[in-house]
Structure formats: C-alpha cells, structure tokens
Amino acid sequence: MSSMIVLVVAGALTFAVRSVMVQTLGGRSVPQPLTRMFAAAVPAGLAAVIIVGLVTHRGDDVAARATALAVAGVVAARTKRVPLVVAIGMATLWTLWALGV
Amino acid sequence: MTTTSIEHIRSGSAAETTSETWCAARAGVRAMTPFLVGLLPFALAIGVAAGASPLDDLVGWATGPILFSGSAQLSAIEMLGSGVGAVTVVLSLLLLNARLALYGAALAPKLACQPRWFRWLAPYFIVDPVVAVATDESAEGCGARWYRWYYLGAAVSLWLMWVTAITAGVLVGPIVDASWSLDFAAPLCLVAMLTAKLRDRRSRTAGVVAGAVAIAAVAMPPGATTALAMVGGAIAAAAIERSTP
C-alpha cells in the first residue's frame, strides 16, 4: 500500500476520533460525573502531553528541560504573557546547557 | 412599512452581522497569535524532518493538512520513512491521537447549539492550542454565532501558520541550527496554556494527577501513556469536585 493511502486512512480515522464525542454527545444530557470529567479534560490533557514529552525525551538534558519548564510555569502564572514565557523558558534551557546541566 | 425601509433594515442587520463575524474572528486570531509565534519552530522542524526523510516530500508535507497534529506527524514521517507496516502505522497514530476524543467531549457542549456544517468542520481543528483557546473564559457568553467565528479565527490562523511553516521547512530545509532546540518552544507554549487553565481546585487536581500518572506509566507507548494520564487526571478532578461540599 502506498504511503499516501496509509496517511489518508490514518487521517480519516484521526478525524473520526476527533469528531466521535462531538457528534455523540452534542445536545444530549450527560450524567453529572461525566460532565465534571469532561470539563477537566483540557488541563489534564495539557499536563499529560507536557510530562510525557519530557519523560520520553531522548537526550541527557532532561533535568535542564524540566527546570526550564518549571521556570516557564512560574513566569506564566505571574505574567500570563506567552512570548515572555517562551523567551524565559528558552533562555533558561540555553543557560543550563552552558552550565553543563 | 415601505419596501425601501425594509431593505434598509435588512442591509443594516446584514452589516451588523458581518461586523460581529469579523469582530469574533479577529478575537480568535488575537487569542491564538502568541501561540503561533511559539509553535512556529516546531512546525518548521516537522517540515525539515519531512524533507530529510526518505519519504516522498509530498507525503511528508501532507501529514500537515491530513493529520494536523504535531507529535502524530513526526511519528508518521518516521514510521512511513522507515518502511513500518501500514497497520502498525495507522494503529500507532490512532493511539497517539486517542486523547483528542476527550477534547471533543470537552468541546461538545459548546458545539451542540451550532449549525450542522460547523459541528462537522470544528472537530478537524481539535488539537491542544485550539482547544485551549476555545475553552477560554473570554470565549463564553457571547452567543453561538460569535463563538463559531471566534473558533474559526483561532483554528484557521493556527492551520495557516502550521501548513505554511511545514512547507517552508520542506522546501528550504533547516533555517536555524537544530542544536538550538527551538522546537522546545512548543512545550513552553503548552505550559502557558496549562497555567491559564489552572484556575480552581478541580483543574489543579486534573493537572497534578495527570502528570503523576504520566510519570508512573512512562513504560507504556507514548500515546497510551498520554491518554491514560489524561483520563486519570479528569477522573480525579471529577471525584474531588463531587467530594467537595
């Protein structure tokens, strides 16, 4: 099977995954525990993606990356300014690399 | 009422509607703009990976518009380029994107009152930054039409940046030295999105438990770990809210 066909099949199934809950739940009343669970899905998903990306990183700079993410978290909580979060996070990573962390 | 005055009212109403549409779309673009800057290096890196892969450039590039999901795109380029079997590729990508179903559930109440065409279009754009912006408090309470165009403004601006940057990465190759790790800006953007969501005890519990489950389940395949951690965090948050008087 050509790579493009595999990609199109994967894309169609990915769209199905994305839309299944929107089409299934749309307009229906959902039990309260599930509503509460879905409402917490976004912070849970973001935290999961960040941590999985960190712990599965192939390299010897996991400590530097974890520190940079922590510093970025503090900056984000205090300023809520995304460009500043990114700038300080990157600067922290590069500084720690320079220090051999 | 004369025909002229009715036409005047109709044209006035149409102008107001158009104005509201543009206003909402611009608000969506504005909300997404800071993340566009942070995610640009990651999209460029995907384009560079597609160009450097033994895979046909067109197939590598097409992962952008077809999958529209960074980590899944990188996996697809790597697996297809190294000749991994079709079934394994499709199942691996499904596992990596399984968490998007739960994002769909989070958005379902907001999309329920939208027209059918939008309920089918909106899920195509479901990915972390779009969901983060679309569930922002500032997007609530302005009506279905406003929300629809706000969502489209945010989602389409991300999509355009994403596909353009991937195209540039495929065509031009590495613009910046890879040793700078500029793609680290992507998790930094996610940290900014997450911090904005940690408003109450429920969301903080969700984040902490999801992180703990992700560390505990690190031996599992990355897609499974992410989905499990997300479900674990969401269940913990629902449980703690229920136990709170």
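Just so it is clear, the model here is predicted, and its values are computed rather than measured.

Calculation criteria
Residues numbered from 1 in each chain as written. Chains lettered and ligands numbered in written order. Predicted model: local features only at pLDDT ≥ 70, side-chain atom pairs only at ≥ 80, totals over all residues. Heavy atoms only, no water. Helix = DSSP H or I, 4+ residues; strand = E, 2+ residues; numbered from the N terminus. Buried < 20%, exposed > 50% of the residue type's maximum accessible area, 1.4 Å probe, protein only. Contact = heavy atoms within 4.5 Å. Areas by Shrake-Rupley, 256 points an atom, 1.4 Å probe, with all protein chains shown as cover. Lys, Arg positive; Asp, Glu negative; His and termini not counted. Charge placed at Lys NZ, Arg CZ, Asp CG, Glu CD. Domains from an automatic or database assignment. Buried area = accessible area lost by both parts, 1.4 Å probe. Salt bridge = Lys/Arg side-chain N within 4 Å of Asp/Glu carboxyl O. Polar contact = N/O pair within 3.5 Å; in protein donor to acceptor, adjacent residues only side chain to side chain. Nonpolar A, V, L, I, M, F, W, Y, C, P; charged D, E, K, R; others polar. Expected span 1.5 Å × (residues − 1).

## What to know about the overall build of chain B
A count of helical and extended segments in chain B gives eleven helices and zero strands. Once the C-alpha set of chain B is aligned to its principal axes, its extents read approximately 70 × 55 × 35 Å. For chain B, buried positions account for 49% of its 245 residues. Partitioning the contacts of chain B with sequence separation of at least 6, the portion at a separation of at least 24 is 76%. With the model as given, the accessible surface of chain B reaches about 10,900 Å², and the carbon-plus-sulfur share is 67%. Side-chain charges in chain B split into 15 positive and 14 negative, and the spacing between the mean points of these groups amounts to 12 Å.

## Details of the domain arrangement of chain B
Residue and element names in this part refer to chain B. Domain boundaries in chain B define domain 1 (24–183) and domain 2 (198–245). Using C-alpha coordinates to define each centre, domain 1 is positioned 23 Å away from domain 2. Of the residues lining the interface, seven residues belong to domain 1; the matching set on domain 2 comes to nine residues. Among the residues domain 1 hides against domain 2, the three largest losses belong to Leu95, Arg99 and Leu102. Together they make up 61% of the total. The tally of links from domain 1 across to domain 2 stands at one salt bridge.

## A word on the environment of B:Ile215
Relative to the helices and strands, B:Ile215 resides in helix 10 (residues 201–216). Sequence separation between B:Ile215 and B:Ala122 is 93 residues; the distance between their C-alpha atoms is 32 Å. Residue contacts for B:Ile215: discarding those within four places in its chain leaves A:Ile51 and A:Val55.

## A look at the environment of A:Val62
Residues and elements named next belong to chain A. Examined against the element boundaries, valine 62 turns out to sit in helix 4 (residues 62–79). With eleven residues separating them along the chain, valine 62 and isoleucine 51 place their C-alpha atoms 11 Å apart. Beyond its immediate chain neighbours, meaning those up to four positions away, valine 62 contacts Leu54 and His57.

## Overview of the interface of chain B and chain A
Listed per partner, the contact involves 81 residues of chain B and 59 residues of chain A. Carbon and sulfur atoms make up 82% of the area that chain B and chain A hide from each other, which totals about 5,700 Å². A per-residue breakdown of the area chain B buries against chain A is headed by B:Ile66, B:Phe184 and B:Leu188, which together make up 11% of the total. Scanning the region where chain B abuts chain A turns up zero salt bridges. Inspection of the chain B/chain A interface yields nine residue pairs in polar contact (both at pLDDT 80 or more). Tallying contributions element by element places helix 11 (residues 222–243) of chain B first for the side of chain B that touches chain A, with 13 residues. Among the residues making up the side of chain B that touches chain A, the classes are represented as 58 nonpolar, 15 polar and eight charged.

## Some remarks on the side chain of A:Thr92
Residues and elements named next belong to chain A. Mapped onto the elements of the fold, threonine 92 is located in helix 5 (residues 82–98). By relative accessible area, which is 15% here, threonine 92 ends up buried. Here threonine 92 is in contact with Ala68 and Val71, once residues within four sequence places are set aside.

## Let's talk about helix 10 of chain B
Under the 1.5 Å per step criterion, the end-to-end length of helix 10 of chain B is 22 Å for 16 residues, consistent within 8% with the ideal 22 Å. Buried residues of helix 10 of chain B: B:Ser203, B:Thr205, B:Ala206, B:Gly207, B:Ala210, B:Gly211 and B:Ala214, and no others.

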